[in-house]
Amino acid sequence: MESIAMCALCENVDKLQLSHIIPKFVFRYLKKDSFTGRMRNVSNPNKAVQDGDKMYLLCGKCEKLFSQRETLFSNKFFQKFKADGFNGLSYDGNWLNYFITSVNWRTLYLDLKGFVENNDKENGVDKKDLKLLIKTEKIMRDYLLDFRSDLSFIENHIFFFDDVKSIDSSLRISSPHRLIQGSAFGYTVLTKNPKGIYVVANLTGIIIVTIIKKATKEKWRNSYVKQESGKIKVPQQVRSPIFSELFYLQEQREKYLNQMSEKQKQQIIDKVVVSGESYKKSGSYKRFLKDQEIEFK
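Heads up: these notes are all about the structure in this document.

Cut-offs and rules
- Residues numbered from 1 in each chain as written.
- Predicted model: local features only at pLDDT ≥ 70, side-chain atom pairs only at ≥ 80, totals over all residues.
- Heavy atoms only, no water.
- Helix = DSSP H or I, 4+ residues; strand = E, 2+ residues; numbered from the N terminus.
- Contact = heavy atoms within 4.5 Å.
- Areas by Shrake-Rupley, 256 points an atom, 1.4 Å probe, with all protein chains shown as cover.
- Disulfide = S-S within 2.5 Å.
- Buried < 20%, exposed > 50% of the residue type's maximum accessible area, 1.4 Å probe, protein only.
- Phe/Tyr/Trp six-rings, centres within 6.5 Å; stacked < 30°, edge-to-face > 60°.
- Lys NZ or Arg CZ within 6 Å of the ring centre and 35° of its normal.
- Pairing = 2+ DSSP bridges.
- Axes fitted to C-alpha atoms, helices over the stretch in contact; angles between N-to-C directions.

**Observations concerning the overall build of the protein chain**
Part 1 of the reasoning: Counting its regular elements, the protein chain contains 9 helices and 15 strands.
Part 2 of the reasoning: Taking the intrachain contacts of the protein chain between residues at least 6 apart in sequence as the baseline, contacts between residues at least 24 apart amount to 68%.
Part 3 of the reasoning: Accessible surface for the protein chain amounts to roughly 16,000 Å². Of this, 49% is attributable to carbon and sulfur atoms.

Here you go:
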């Protein structure tokens, strides 16, 4: 099936590719790491899915621009993190900044269309914020097309969500490993108290954040990505309202999973019983154990 339309990035009319919003290698890992070999959509837990969201978005030339950096990220960061955890990583040139921008631009572009088309009041986006989002999308797009060499006021950060040993019980998050390391998502976030604007993507434990407007007293340590060669060191420390949104996702995840039909639950139980030792080797089981071992303070 072909789609001839305007490319979202370069805006040329061309044959569009069926593009992943979150890079394909992330979902390939999730499928392989799951004992069922499938994933579940949180909003529809009774339906198993084989892949992440895709849509006709980019022409072949722009798709290639993105895929080159995705391969670098997968080889240099993603696979190493999954194999050995996070012990600090270095990068040469601006490819990491480009990669983060390319992933979060896709989310912002699609969310922005929704904000504009569905009336900003319905989405809680006022005119001032909407104007800033439109300006940000243009800056990111020009950067990706090499029309400019910088991102102006925009900051990109990367945070590695490794094993959690203890959690403040007031945070109301009970299964962070299953939530963060066992999922992939991206969305635009506007926090109200304190006020901040972000685009965030979770790549099964690697959280990439584009900060459009920082909240007051917000702090990021060893997470900032330069537009040149650099290092991401340990330890990383973050104080940002963006993580409150992740905790909200936890609540929504539990809400939707509680709506799973008894038939679906039994099918999963039956598969666990049949799989035997292979289930205990899966990432699904390992994340479950990590969550059981957390100390709540």
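There is more to say, and it comes next.
**As for the state of the cysteines**
Part 1 of the reasoning: This structure, assessed with the given rule, holds 0 disulfides.
Part 2 of the reasoning: For Cys7, which is in no disulfide, the shortest distance to another cysteine sulfur is to Cys10 and amounts to 3.7 Å.
Part 3 of the reasoning: Under the relative-accessibility criterion, Cys7 is labelled buried at 0%.

**A few points about the packing of aromatic side chains**
For any pair of aromatic rings, the description rests on two quantities: the centre-to-centre distance and the angle between the ring planes.
Part 1 of the reasoning: Within this structure, the stated rule accounts for 16 aromatic pairs.
Part 2 of the reasoning: Through a chain of ring-to-ring contacts, the aromatic side chains of Phe25, Tyr29, Phe73, Phe77, Phe78, Phe81, Phe86, Trp95, Phe99 and Phe160 assemble into a single cluster.
Part 3 of the reasoning: Note that Arg69 overlies the ring of Tyr98, its terminal NZ or CZ placed 3.8 Å from the centroid.

**Side note on the sheet that holds strand S7 (residues 155-160)**
Sheet strands pair by backbone hydrogen bonding; their relative direction is either parallel or antiparallel.
Part 1 of the reasoning: Here 4 strands make up an open sheet; going across it, the order is S7-S11-S10-S9 and the pairing antiparallel. Both outer strands of the open sheet, S7 and strand S9 (184-192), are each paired with one neighbouring strand and no more. For this sheet, the mean angle separating the axes of adjacent strands, direction not counted, is 20°.
Part 2 of the reasoning: Both S9 and strand S10 (residues 195-203) contribute to a ladder of 9 bridges, which runs antiparallel. Within the sheet, the bridge partner assigned to Val189 lies in S10 and is Tyr198.
Part 3 of the reasoning: Running over the sheet, helix H2 (residues 60-84) touches S7, S10 and strand S11 (206-213) and is turned about 35° from S7.

**Re the sheet that holds strand S2 (residues 13-20)**
Part 1 of the reasoning: Strand order in this open sheet of 3 strands is S1-S2-S5, and the pairing throughout is antiparallel. Two strands lie at the open edges of the sheet, namely strand S1 (4-6) and strand S5 (54-59), each paired on one side alone. Strand-to-strand twist of the sheet, defined as the mean angle between neighbouring strand axes without regard to direction, takes the value 65°.
Part 2 of the reasoning: Across 5 bridges, the pairing between S2 and S5 is antiparallel. Counterpart to His20 in the pairing with S5 is Lys54.

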